[in-house]
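Architecture at a glance
As a plain string of letters, each chain reads:
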Amino acid sequence: MTTNQTALPQIVSEQEWLTAREKLLVKEKELTRALDALAAERRRLPMVRIVKDYVFEGPNGTANLIDLFDGRRQLIVYHFMMAPGSDHRCRGCSSFVDNIGHLAHLYARDTTFVLVSPAPLSQIEPYKSSMSWTVPWFSSNGDNFNMDCGAGSGFGLSVFLRDDEQVYRTYYTKARGVDRLRADFNFLDLTPYGRQEDWEDSPEGWPQTPPYTWWRLHDEY
């Protein structure tokens, strides 16, 4: 909430604002083209065949990695941080899932999206229900899937490609690589005050707090 003590952007005429906006737009277009080039390079990454037989537990019973594709060619897995037996509910992972839209748009491009956690399904499903999520969520409890993918006991995002019965790993990212996929952060980055976190390069007097400290589960605000 804006108060009298909160710093404000400089107030200028409409023409001065348009000039500044056009100057920034040049840089935004350069970044857009750079991101397009990066995506093109990402599409040309080599891939590695998955030879290990991973076992998952889902709402319909035991599943293997191919089953997670649900008949589609591409699979995106978000490694949701939930340890077996822990009552910790990761606010970062939870807010990431809150930002996932309707999956029909991914399905239209032959791509499936699922969550995977090392916690047992009996631990996952009550939390999923309490958060009103519909994203498919599988347990890798007793398996090393998250560890093998590089997520360990943390979070990350893996991408796989299926060619008939063969599965290949094509991409992995974590930390800020996952961070940039969140719609809420992207929206906030367009605002004058941004995410209001103290790592951001903002003018003097802008409202800021340490990251993570303001994050809540969506029903805790």
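Up top you'll find the structure we're talking about.
Summarised in this report is the structure supplied together with it. (Residues numbered from 1 in each chain as written. Predicted model: local features only at pLDDT ≥ 70, side-chain atom pairs only at ≥ 80, totals over all residues. Heavy atoms only, no water.)

A closer look at the overall build of the protein
For the record, the criterion: The helix count covers DSSP runs of H or I at least four residues long, the strand count covers runs of E at least two residues long, and both are numbered beginning at the N terminus. Partly exposed residues are those whose accessible area sits between 20% and 50% of the maximum for their type, while under 20% is buried and over 50% is exposed, using a 1.4 Å probe and protein chains only. Residues count as neighbours in contact if any of their non-hydrogen atoms are within 4.5 Å of one another. Accessible areas in this description were obtained via Shrake-Rupley with a 1.4 Å probe; residue shielding takes into account the shown protein chains only. The charge count treats Lys and Arg as positive and Asp and Glu as negative. His and the chain ends do not count. Charged groups are reduced to one reference atom each: NZ for lysine, CZ for arginine, CG for aspartic acid, CD for glutamic acid.
When helices and strands are tallied, the protein shows eight helices and eight strands. Across its three principal directions, the C-alpha atoms of the protein cover 65 × 40 × 30 Å. Put simply, the protein has 221 residues, and 35% of those count as buried. Taking all contacts inside the protein whose residues are at least 6 apart in sequence as the whole, residues at least 24 apart take part in 59%. Accessible area of the protein: about 14,000 Å², with a carbon and sulfur share of 54%. Positive and negative charge centroids in the protein, built from 24 and 30 side chains respectively, lie 5 Å apart.

Focus: the packing of aromatic side chains
To be explicit about the condition: Only Phe, Tyr and Trp rings take part, Trp by its six-membered ring, and two of them pair if their centres are within 6.5 Å. Stacked means planes under 30 degrees apart, edge-to-face means over 60, and tilted covers everything else. The criterion is that NZ of a Lys, or CZ of an Arg, lies within 6 Å of the ring centre and within 35 degrees of the ring normal, and then a charge sits over that ring.
The tally for this structure, following the rule as stated, stands at 15 aromatic pairs. Here Tyr78 and Phe96 contribute two aromatic rings whose centre-to-centre distance is 4.2 Å and whose plane-to-plane angle is 15°, an arrangement assigned as stacked. On the criterion of sequence distance, the pair formed by Tyr78 in strand S4 (residues 74-79) and Phe96 in helix H3 (residues 91-98) is long-range, its members being 18 residues apart. You'll find Tyr78 and Phe96 in the same group, each marked buried. A network of ring pairs unites the aromatic residues Tyr78, Phe80, Phe96, Tyr127, Trp133 and Trp137 as a single cluster. Here the basic side chain of Arg182 rests over the ring of Phe185, its NZ or CZ set 3.8 Å away from the ring centre. Directly above the aromatic system of Trp215 lies the positively charged group of Arg182, at a separation of 5.2 Å from the ring centroid.

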